[in-house]
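# Analysis of the macromolecular model
If you want the building blocks of each chain, they are given just below.
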Amino acid sequence: MDNTARNIDIPRKEPQEQELQKDRSRQACAHLLNHANILFGIALLLMAVPGKRPVADIHTWHLAGFLLFVEALYGASVLCRACSEMKRRSATDLTAIVLAGIILWELTTSKLDLFERLIFPVPGKVIAVFIEEIPMFMKCLASSLQLLGAGFSLALVTAIPLALLIGWRKRLFAVVNPMTKVLGPIPPIVYIPYSIAIFPTFKCSSIFIIFIGAFWPIFINTLNGTFNIEPKIIDSARVLNVRERTLLFRIILPAILPAIISGATLGLVFSFILLTAAEMIGSSSGLGWYVKYFSDFADYPRVVAGIIFIGMVVTAITFFFEMIEKKLLRWRS
Amino acid sequence: MGERMGKIRLENVTFSYQQQGVAGPVVEDVSLTIREGEFVSFIGPSGCGKSTVLRLLSGLSRPSGGRILLNGREIAGTGHERGVVFQHYALFPWMTARDNVIFGLRQCPGGMTRKNVSAMADRYLDLVGLHDVGDKYPNQLSGGMQQRVTIARAFAMDTDILLMDEPFSAVDARNRMKLQELLLELWRKGEKKKTVVFVTHDVDEAILLSDRIVVLSACSKGIKEQIEVGLSRPRNWSLLANTATYTALRNRLIGLLFTDLVEETKLAI
């Protein structure tokens with residue numbers, strides 16, 4: 001039995017190696033002929049096809065430029081040696097999705113002219129407007145981040161110490177915990193009209209709204225984290241004879257930091273939603289105001305560009321937040 | 001430093017859980033005196049309350065009956081004169097090994113300077129053979145290494161009394177033997193010997209380390225027997241392994257633990 005098995009095995013080795021090389025070249029082909037690159041080709045070809053809707057040349061060039069920009073970004077990320085295979089694959093998928101979206105958009109608007117021209121601008125036009133409006137976006141961004149930063153940091157510095165103190169005292173927790181169950185779920189958006197009435201300026205009232213939105217997730221997570229903290233950690237600290245303040249801020253706080261951070265992430269998302277909502281209702285600056293203002297003028301290319309910019313801002317903030325999280329929780333890895 | 005004090009007296013100590021559902025006491029009517037500088041082990045089957053005794057001594061729990069005296073004064077909580085090493089690594093995962101030791105030292109009274117504290121931490125990490133992993137987080141260390149950091153912290157804090165609850169039970173056999181000998185050495189080298197109360201379920205460990213072994217019973221929830229070890233010091237595994245006294249002690253202890261097991265089984269049936 002053994003002998004026959006060996007006899008069969010030896011001659012098989014070479015074809016296997018050939019197979020492997022074929023695999024490699026096939027893989028290289030797959031690198032070039034993947035869905036992202038194919039979609040890029042389709043998008044370029046599509047631009048040559050005459051459409052039903054008249055489109056200014058300058059907008060066509062903007063679209064072409066954008067397609068090249070996306071492809072260049074994708075090429076750079078694929079060629080980047082530091083990137084893992086996983087990351088490359090998701091870069092391919094992401095590029096493919098973006099390109100597919102652009103193709104669909106271009107096809108339904110400028111090529112087939114299926115929808116109302118005013119409400120559904122062509123992609124080239126939106127891209128042109130986007131570039132044109134960057135200085136304005138930056139101004140709006142500064143105004144929005146000011147409010148967001150003030151409201152969110154106010155929530156952080158009040159919710160965390162308060163929740164630590166209350167969560168640590170069983171008696172206080174027993175009173176406050178049911179209260180959070182009533183107050184926490186009230187959608188903070190309903191406070192907007194009232195807070196505009198209460199506070200002297202729009203700035204104050206929107207900071208207050210953002211504060212409320214961020215406060216509850218941070219507070220509730222910190223509260224429960226403190227209350228349910230592993231007794232082992234408290235015992236370890238107790239036998240070292242730590243003082244109560246040290247116990248709260250140097251033991252419990254870092255121990256429940258993962259819970260606090262997940263609350264803060266949730267709070268950040270809420271605050272951003274509330275920020276834009278508040279700006280739409282009562283502001284004369286900021287990202288939410290921008291979108292609302294231009295939709296009042298039926299300037300939909302600007303509305304779409306504004307929405308895309310807001311999406312990019314949220315992504316950047318979330319990314320930044322994740323970086324902080326990684327830094328703070330590096331001991332967990 | 002003034003006169004070291006490490007005399008512990010347990011007087012009719014009883015402990016039972018306050019919550020409903022757990023019937024009867026966990027520890028019942030334990031009376032015992034531990035001399036200054038003595039190394040005493042508590043041994044017994046699981047559920048005999050040996051860890052509870054240690055929790056009572058550490059001040060994390062209060063006895064429901066009787067009292068525990070420390071140099072004549074009743075224990076009212078944790079104290080700076082007692083250091084504790086738990087079975088499971090009691091390091092804070094968000095601090096590096098060195099920071100864990102430093103944090104322990106900073107809680108001691110007598111305000112050392114920052115520089116002294118840091119030097120002291122390095123010295124004790126060095127003593128347990130971990131000088132080069134001081135900047136690692138507990139998660140990056142093996143179980144045995146983590147436990148060595150805990151021991152370094154306990155010794156660096158230089159308490160008169162050291163309470164250890166199965167400190168080596170989660171460590172693999174080879175490292176356990178190393179740590180046991182390390183503990184003996186650190187204890188012997190101290191200017192004045194610490195009083196050590198050591199909880200274990202390992203007969204050999206108890207013999208190697210202790211001056212006296214207190215055998216607890218799972219049935220009576222109290223002390224079954226106390227055995228003076230009487231082997232000469234310094235001890236180590238290779239000296240001890242085949243001596244007649246060691247074998248005799250070992251057999252006697254196993255006998256004591258085994259009868260307990262038999263009684264328990266009878267009760268269960």
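What counts and how
Residues numbered from 1 in each chain as written. Chains lettered and ligands numbered in written order. Predicted model: local features only at pLDDT ≥ 70, side-chain atom pairs only at ≥ 80, totals over all residues. Heavy atoms only, no water. Helix = DSSP H or I, 4+ residues; strand = E, 2+ residues; numbered from the N terminus. Rg over C-alpha atoms; globule rule 2.2 N^0.38 Å. Buried < 20%, exposed > 50% of the residue type's maximum accessible area, 1.4 Å probe, protein only. Contact = heavy atoms within 4.5 Å. Buried area = accessible area lost by both parts, 1.4 Å probe. Salt bridge = Lys/Arg side-chain N within 4 Å of Asp/Glu carboxyl O. Polar contact = N/O pair within 3.5 Å; in protein donor to acceptor, adjacent residues only side chain to side chain. Nonpolar A, V, L, I, M, F, W, Y, C, P; charged D, E, K, R; others polar. Phe/Tyr/Trp six-rings, centres within 6.5 Å; stacked < 30°, edge-to-face > 60°. Lys NZ or Arg CZ within 6 Å of the ring centre and 35° of its normal. Axes fitted to C-alpha atoms, helices over the stretch in contact; angles between N-to-C directions. Parallel < 35°, antiparallel > 145°, perpendicular 65-115°, else oblique. Left-handed = near helix turned anticlockwise from the far one by under 90°. pLDDT = per-residue confidence, 0-100.

### Topic: the overall build of chain A
Secondary structure assignment for chain A yields 14 helices and zero strands. Along chain A, helices and strands appear, N-terminal first, in the series α-α-α-α-α-α-α-α-α-α-α-α-α-α. For 333 residues, the compact-globule formula gives about 20 Å, and the C-alpha radius of gyration of chain A, at 28 Å, lies well above that figure. Taking the principal axes of its C-alpha atoms as reference, chain A extends roughly 80 × 75 × 30 Å. In chain A, which comprises 333 residues, the share counted as buried stands at 41%.

### Quick word on the interface of chain A and chain B
Residue-level contacts link 19 residues of chain A with 23 residues of chain B. Interface area for chain A against chain B, summed over the two sides, is near 1,900 Å², with a carbon-plus-sulfur share of 65%. Summed over the shared surface of chain A and chain B, the number is one salt bridge. Here Asp235 of chain A and Arg55 of chain B are joined by a salt bridge, their closest N and O atoms 2.8 Å apart. Our enumeration of links across chain A and chain B arrives at eight residue pairs in polar contact (both at pLDDT 80 or more). Looking at the side of chain A that touches chain B, the elements with two or more residues in it are helix H10 (231-238) and helix H11 (244-255) of chain A. If one sorts the elements of the side of chain A that touches chain B by residue count, H10 of chain A sits on top with six residues. Of the residues contributing to the side of chain A that touches chain B, the split by class is nine nonpolar, four polar and six charged.

### Topic: the pattern of salt bridges
Residue and element names in this part refer to chain B. Inspection of the entire model under this criterion finds 25 salt bridges over all chains. A salt bridge links Glu11 to Arg9; the nearest nitrogen and oxygen atoms lie 3.2 Å apart. A salt bridge links Arg250 to Asp204; the nearest nitrogen and oxygen atoms lie 2.5 Å apart. Highlighted residues: Arg250 in helix H8 (residues 244-268) and Asp204 in helix H6 (residues 203-209), separated in sequence by 46 residues.

### Some thoughts on the side chain of His59 of chain A
Residues and elements named next belong to chain A. Mapped onto the secondary structure, His59 falls in helix H3 (residues 57-79). You can call His59 buried: its relative accessible area is 15%. In contact with His59, not counting residues within four places along its chain, are Gly124, Lys125 and Ala128.

### Quick notes on the packing of aromatic side chains
As enumerated under the stated definition, the model contains 22 aromatic pairs over all chains in all. Geometrically, the ring pair formed by Phe215 of chain A and Phe219 of chain A is stacked, given 5.1 Å between the ring centres and 15° between the ring planes. One end of the pair, Phe215 of chain A, and the other, Phe219 of chain A, are both in helix H9 (residues 202-227), four residues apart, so they sit about a helical turn from each other. Both residues of the pair, Phe215 of chain A and Phe219 of chain A, count as buried. Members of the aromatic cluster, joined through ring pairs, are Phe130, Phe137, Trp289, Tyr290, Tyr293, Phe294, Phe297 and Phe309 of chain A. The aromatic ring of Phe294 of chain A is capped on one face by Arg302 of chain A, whose charged end is 5.6 Å from the ring centroid. One Lys or Arg, Lys193 of chain B, reaches over the ring of Trp187 of chain B and ends 5.0 Å from the middle of that ring.

### Observations regarding the packing of helix H2 (residues 35-48) of chain A against helix H4 (residues 85-111) of chain A
All names here are of chain A. For the pair H2 and H4, interaxial distance at closest approach is 8 Å and the crossing angle is 20°. Compared by their axis directions, H2 and H4 come out roughly parallel. Along this stretch, H2 crosses H4, giving a crossing that reads as left-handed. Taken together, the residues of H4 that come into contact with H2 (itself represented by His35, Ala36, Leu39, Phe40, Ile42, Ala43, Leu46 and Met47) are Thr92, Asp93, Thr95, Ala96, Leu99, Ala100, Ile103, Glu106, Leu107 and Lys111. Looking at side-chain class alone, the contact of H2 with H4 contains twelve nonpolar, three polar and three charged residues.

### A closer look at unusual backbone geometry
For the bond from Arg233 of chain B to Pro234 of chain B, the omega torsion is -5°, close enough to zero to count as cis. With respect to the element layout, Pro234 of chain B can be found in the loop between strand E10 (223-228) and helix H7 (237-240). The backbone of Asp113 of chain A shows a phi angle near 55°, a positive value even though the residue is not glycine. Counting through the fold element by element, Asp113 of chain A comes out in the loop between H4 and helix H5 (123-132). Backbone geometry at Glu166 of chain B places phi at a positive 40°, although glycine is not the residue there. Position of Glu166 of chain B among the secondary structure elements: in the loop between strand E7 (161-165) and helix H5 (173-189). Using a relative accessible area of 8% as the deciding quantity, one classes Glu166 of chain B as buried.

### Some words on the confidence of the model for chain A
All names here are of chain A. When pLDDT is averaged across chain A, the result is 89; 93% of the residues are at 70 or more. Confidence, expressed as mean pLDDT per element, reaches its minimum in chain A at helix H1 (residues 2-32) with 61 and its maximum at helix H6 (residues 134-168) with 96. This model gives residues 1-8 a pLDDT under 50, and the stretch forms zero contacts once residues within four places in sequence are excluded.

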